[in-house]
Amino acid sequence: MKIAMVAAEVAPYAKTGGLADVIEALPKTLEKLGNDVKIFMPKYSLIDENKHKLTYESTIGEMPIRVNGHIRSVHVQKSKINGSEVDIYFIDCPHYFYRRHIYTMDPDEDERFILFCKAVIETLQRLQWAPDVIHCNDWQTGLIPLFIKDNYSWDRMFDHTATLMSIHNIAYQGRFPNQTIQKAELKGSLYYPGGPLEFYETFSFLKTGIVYSEIISTVSETYAHEILTAEYGFGMEKELWSRREDLFGVLNGADYEQWNPEGDPFIPYHYSAADLSNKLMNKEYLIKQTHLPFDKNKPIIGIVSRLVAQKGFDLVAEAINDLMFLDAQWVILGSGEDKYEEMFTILSRSIPDKVWAYIGFNNELAHLIEAGADMFLMPSRYEPCGLNQIYSLKYGTVPIVRKTGGLADTVQDWHELQARGDETGDGFSFNDATGFSLHTTVRRAVETFTEKKTWRKIQENGMNRDYSWQVSAKKYVELYEKATKKRRGN
Ligand code: ADP
Ligand code: GLC
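All values derive from a computational prediction rather than experimental measurement.

**A few points about the site of ligand 1**
Turning to step 1, where the next piece is worked out: For ligand 1, the set of nearby residues contains 22 residues, the closest of which are Gly-18, Arg-306, Lys-311, Gly-360 and Leu-387.
Turning to step 2, where the next piece is worked out: In this structure, Lys-15 approaches ligand 1 through a side-chain N or O atom, which is 2.9 Å from an oxygen atom.
Turning to step 3, where the next piece is worked out: Asp-21 is positioned with one of its side-chain polar atoms (N or O) 2.8 Å from an oxygen atom of ligand 1.
Turning to step 4, where the next piece is worked out: Protein contacts shield 93% of the accessible area of ligand 1, which totals 560 Å² for the unbound molecule.
Turning to step 5, where the next piece is worked out: Most atoms of ligand 1, that is more than half of them, are within 2 Å of grid points of the largest pocket.
Turning to step 6, where the next piece is worked out: Secondary-structure elements contributing two or more residues to the shell around ligand 1 are helix H1 (18-32), strand S14 (300-307), strand S15 (329-336), helix H14 (363-372) and helix H15 (388-394).
Turning to step 7, where the next piece is worked out: Ranked by residues supplied to the shell around ligand 1, first place goes to S14 with 3 residues.

**Considerations on the pairing of strand S2 (residues 36-42)**
Turning to step 1, where the next piece is worked out: In terms of burial, S2 is largely enclosed, as 6 of its 7 residues are buried.
Turning to step 2, where the next piece is worked out: Bridge analysis of strand S1 (residues 2-6) against S2 gives 5 bridges, and the strand direction is parallel. Counterpart to Met-5 in the pairing with S2 is Ile-39.
Turning to step 3, where the next piece is worked out: Between the parallel elements S1 and S2, the chain passes through H1 in a crossover that is right-handed.
Turning to step 4, where the next piece is worked out: Pairing between S2 and strand S6 (residues 87-92): 5 bridges, direction parallel. Residue pairing across strands places Phe-40 opposite Tyr-89, the latter belonging to S6.

**Remarks on the site of ligand 2**
Turning to step 1, where the next piece is worked out: Around ligand 2 there are 13 residues in total, and His-168, Asn-252, Glu-383, Cys-385 and Gly-386 lie nearest to it.
Turning to step 2, where the next piece is worked out: Within the contact set of ligand 2, an oxygen atom lies 2.6 Å away from a side-chain nitrogen or oxygen of His-168.
Turning to step 3, where the next piece is worked out: With respect to ligand 2, the side chain of Asn-252 contributes an N or O atom lying 2.8 Å from an oxygen atom.
Turning to step 4, where the next piece is worked out: In the complex, 92% of the free accessible area of ligand 2, which totals 310 Å², lies under the protein chains.
Turning to step 5, where the next piece is worked out: Under a 2 Å grid-point criterion requiring more than half of the atoms, the pocket assigned to ligand 2 is the largest pocket.
Turning to step 6, where the next piece is worked out: Residues of the shell around ligand 2, tallied by class, amount to 5 nonpolar, 6 polar and 2 charged.
Turning to step 7, where the next piece is worked out: The two domains that each donate at least three residues to the shell around ligand 2 are domain 1 (2-253 + 470-487) and domain 2 (277-466).

**Topic: the sheet that holds strand S9 (residues 175-176)**
Turning to step 1, where the next piece is worked out: Strand order in the open sheet formed by 3 strands is S9-S11-S10, and the pairing between neighbours is antiparallel. Edge positions in the sheet fall to S9 and strand S10 (198-199), since each of these pairs with one other strand and no more.
Turning to step 2, where the next piece is worked out: Sheet topology note: the S9/strand S11 (residues 202-204) ladder contains 2 bridges and is antiparallel. Bridge pairing links Arg-175 to Ser-204 in S11.
Turning to step 3, where the next piece is worked out: The sheet contacts of helix H6 (residues 205-212) involve S9, S10 and S11, and relative to S11 the element is tilted by about 55 degrees.

**Focus on the layout of surface pockets**
Turning to step 1, where the next piece is worked out: A volume near 1,400 Å³ is recorded for the largest pocket.
Turning to step 2, where the next piece is worked out: For the lining of the largest pocket, the class distribution of residues is 20 nonpolar, 18 polar and 10 charged.
Turning to step 3, where the next piece is worked out: For the lining of the largest pocket, the two domains that each supply at least three residues are domain 1 (2-253 + 470-487) and domain 2 (277-466).
Turning to step 4, where the next piece is worked out: Of the voids in this model, the second largest pocket is the one considered here, and its volume is about 660 Å³.
Turning to step 5, where the next piece is worked out: For the lining of the second largest pocket, the secondary structure elements donating two or more residues are H1 and H14.
Turning to step 6, where the next piece is worked out: For the lining of the second largest pocket, the leading source of residues is H1, giving 5 residues.
Turning to step 7, where the next piece is worked out: Looking at side-chain class alone, the lining of the second largest pocket contains 16 nonpolar, 8 polar and 9 charged residues.

**What to know about the side chain of Ser-204**
Turning to step 1, where the next piece is worked out: Take Ser-204: it is sitting in strand S11.
Turning to step 2, where the next piece is worked out: By relative accessible area, Ser-204 is classed as buried at 0%.
Turning to step 3, where the next piece is worked out: Polar contacts involving the side chain of Ser-204 include one to the main-chain amide nitrogen of Leu-206, which spans 3.2 Å.
Turning to step 4, where the next piece is worked out: Ignoring any residue separated from it by four or fewer positions in sequence, one finds Ser-204 in contact with Gln-173, Gly-174, Arg-175, Leu-197, Phe-199 and Met-236.

**Examining unusual backbone geometry**
Turning to step 1, where the next piece is worked out: Geometrically, the link from Ala-11 to Pro-12 is a cis peptide bond, its omega value of 5 degrees lying close to zero.
Turning to step 2, where the next piece is worked out: Relative to the elements of secondary structure, Pro-12 occurs in the loop between S1 and H1.
Turning to step 3, where the next piece is worked out: With a phi close to 55 degrees, Lys-53 is a non-glycine residue in the positive phi region.
Turning to step 4, where the next piece is worked out: Locating Lys-53 in the fold gives a position in the loop between S2 and strand S3 (55-56).

Criteria and thresholds
Residues numbered from 1 in each chain as written. Chains lettered and ligands numbered in written order. Predicted model: local features only at pLDDT ≥ 70, side-chain atom pairs only at ≥ 80, totals over all residues. Heavy atoms only, no water. Near = heavy atom within 4 Å. Polar contact = N/O pair within 3.5 Å; in protein donor to acceptor, adjacent residues only side chain to side chain. Areas by Shrake-Rupley, 256 points an atom, 1.4 Å probe, with all protein chains shown as cover. 1 Å grid on protein atoms, 1.4 Å probe; cavity = no way out; pocket = protein on both sides within 12 Å on 5 of 7 lines; lining within 4 Å. Sits in = over half its atoms within 2 Å of the grid points. Helix = DSSP H or I, 4+ residues; strand = E, 2+ residues; numbered from the N terminus. Buried < 20%, exposed > 50% of the residue type's maximum accessible area, 1.4 Å probe, protein only. Pairing = 2+ DSSP bridges. Right-handed = clockwise from strand over helix to strand, strands pointing away. Nonpolar A, V, L, I, M, F, W, Y, C, P; charged D, E, K, R; others polar. Domains from an automatic or database assignment. Contact = heavy atoms within 4.5 Å. Axes fitted to C-alpha atoms, helices over the stretch in contact; angles between N-to-C directions. Points joined across faces, edges and corners; volume = space filled by probe spheres on them.

Quick look at the structure:
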């Protein structure tokens, strides 16, 4: 199959979270399964052209693309995604993408991604490459399904091109005033209360993507059910309910070429489930990067995260006094909302033998924490899939999670299973989104850490899990087939 994969972030070029990891890894696996995949992303100024060997796609030349009545000049650059034959195309439009961040609060944020969506379609036209499926990811790509069926429907090349809309996080909906519809040159008549483009009196890119795609997916089965409810749907639940026959959950995989303690280039000591002694060396190495004293009997609880409400840091804040009384050390890497950055900075200064925090984005340190920590905390209020708990399992870094979305699908609570005589648990989890439940669960993990044999068993169970992309990529192929059948009307 010919698959165009479109997203606003792709690792290692530009990344704020798990979406980038997914778009780097999934296409490689799809290609290995015999598909022909091309990736499309914006060319941000923060992408290093030389390092990543970007070259201009000379067969395309300059593309004039109109947004909000202005013609913008667009070029296309090209490269191969890391260690593979998969082509990645960069939509280069300095006017919109040469900014300090991938996502902005600038008044023309809508225009940036209108341009991106149009430019992807026009690049396909100039390449004369008609995909069977355009796989759209998150709101930044949400206008593509409608453009294909409306503004560009004159081009018969797309007659059989289906679209799949993947939701990586339903809270991000790309909502703008209805004037944005004119900027995109879409039909104003499609905007009316309850109509396809209208979402609580705004124009939503994500809703548009959902309405006009043949198939909709999200990144775990539990989340696919959750987003049909008012609690998790962020207002989109009614729309999704009416499309529930077309909505599927496909769990993200992990790229074990990058996230595997047996060969991770970012960690000093490699190890596997058969011999964990080097994990302790990584712990010592990690501790040296911090101001914490080394004590092999004290568990390190690691956090690597965007510091936002989604990730449950309000629960951490609620339980913080109790958590700090536990016999453990904390290594935290993250950036995001001021209040959480401040909370961890203050803790790190006031109890430097217990807490160390690095505020910022640091991929190498993320790998080191996975390797050196004993536990990994992810108490998310909601979690579409979550990748760090999957990486943690592989690194023998026992995850402590709230049982929601992909966390519920990937982490099995040790004590819950053990109570049924089952010794296959690989982590610790809790249901209630309260500081109390969080604290008692972390305490349970810290206490279990002292039972060396049990701990080792929990680690091994996790390390032997296989969340590689193979299985999920095959599920996507099935969805692509469903989508193309639907598009062809059978
Ligand atoms: P989300 O996409 O919601 O942020 P995921 O768990 O799916 O959550 O993916 C997060 C990804 O981003 C992981 O690869 C994680 O290692 C990485 N990450 C998050 N915060 C940081 C940070 N501050 N520094 C380095 N990597 C980070
Ligand atoms: C989003 C979600 C996260 C998911 C990632 C990749 O950022 O918050 O749970 O793993 O997308 O799908």
